[in-house]
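Structure at a glance
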Amino acid sequence: MELHNIEILLEKYFSGETSIAEEKQLKDYFSSPDVAPHLEQYRVVFGYFTQAKEEQFTKTIPLQPRKRTYVAWISVAASVAILAGTYFIMNKEQQTPKDLGTFDSPELAFQETQKALQLVSLNVNKGVESIEYIEEYNKTTKTIFK
């Protein structure tokens, strides 16, 4: 009768339906010396739990985390990059001529301004055309996903 009960408990155990008391019965049965020969293969499974219960963690755990020195080096490198960039920008500003974009005649200045504004207008119109495609896409998605 006990062997039949153990086989039923094993089926319940491997399907995950046993209670803690039933698992204790299985552990007691497989830790005893008289295990049925056809159930001998399960002795290792339940023997592992008693062995693992007695294991102790012996490695020391460091209380202080290791300091990351590369963080300090990154901040130093970023500071140097910012200083170098500022230096080059300041030198470049000193080398540029101060007399840029001045015209003697107002008509020539007006023509150059019109050219510049026409160039800006062309680029803005290209952007507006692409926005029209997006608006059409939004309309179609709204009709599809109502």
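In this report, the structure presented in the accompanying data block is examined.

Here is what the cut-offs are and how they apply
Residues numbered from 1 in each chain as written. Predicted model: local features only at pLDDT ≥ 70, side-chain atom pairs only at ≥ 80, totals over all residues. Heavy atoms only, no water. Axes fitted to C-alpha atoms, helices over the stretch in contact; angles between N-to-C directions. Helix = DSSP H or I, 4+ residues; strand = E, 2+ residues; numbered from the N terminus. Parallel < 35°, antiparallel > 145°, perpendicular 65-115°, else oblique. Left-handed = near helix turned anticlockwise from the far one by under 90°. Contact = heavy atoms within 4.5 Å. Nonpolar A, V, L, I, M, F, W, Y, C, P; charged D, E, K, R; others polar. Expected span 1.5 Å × (residues − 1). Buried < 20%, exposed > 50% of the residue type's maximum accessible area, 1.4 Å probe, protein only. Arc of directions from axis to C-beta.

Here the focus is the packing of helix α1 (residues 2-14) against helix α2 (residues 20-31). Following both chains from N to C, one finds α1 and α2 inclined at 125°, their axes separated by 10 Å at the closest point. In terms of orientation, α1 and α2 fall into the oblique class. In this structure, the crossing between α1 and α2 has a hand that is left-handed. When α1 is examined against α2, the residues Glu 2, Leu 3, Asn 5, Ile 6, Leu 9, Leu 10, Lys 12 and Tyr 13 are found in contact with a partner set consisting of Glu 22, Glu 23, Gln 25, Leu 26, Tyr 29 and Phe 30. Of the residues in the contact of α1 with α2, the class split is eight nonpolar, two polar and four charged.

It is worth spelling out α1 at this point. In this model, α1 (13 residues) spans 18 Å end to end at C-alpha, consistent with the 18 Å of a helix rising 1.5 Å per residue. Here α1 has its buried residues at Ile 6, Leu 9, Leu 10 and Tyr 13. Down the axis of α1, the smallest arc covering the buried residues is 105°, so these residues share one side. Contact partners of the buried residues in α1: α2 and α3 (43-54).

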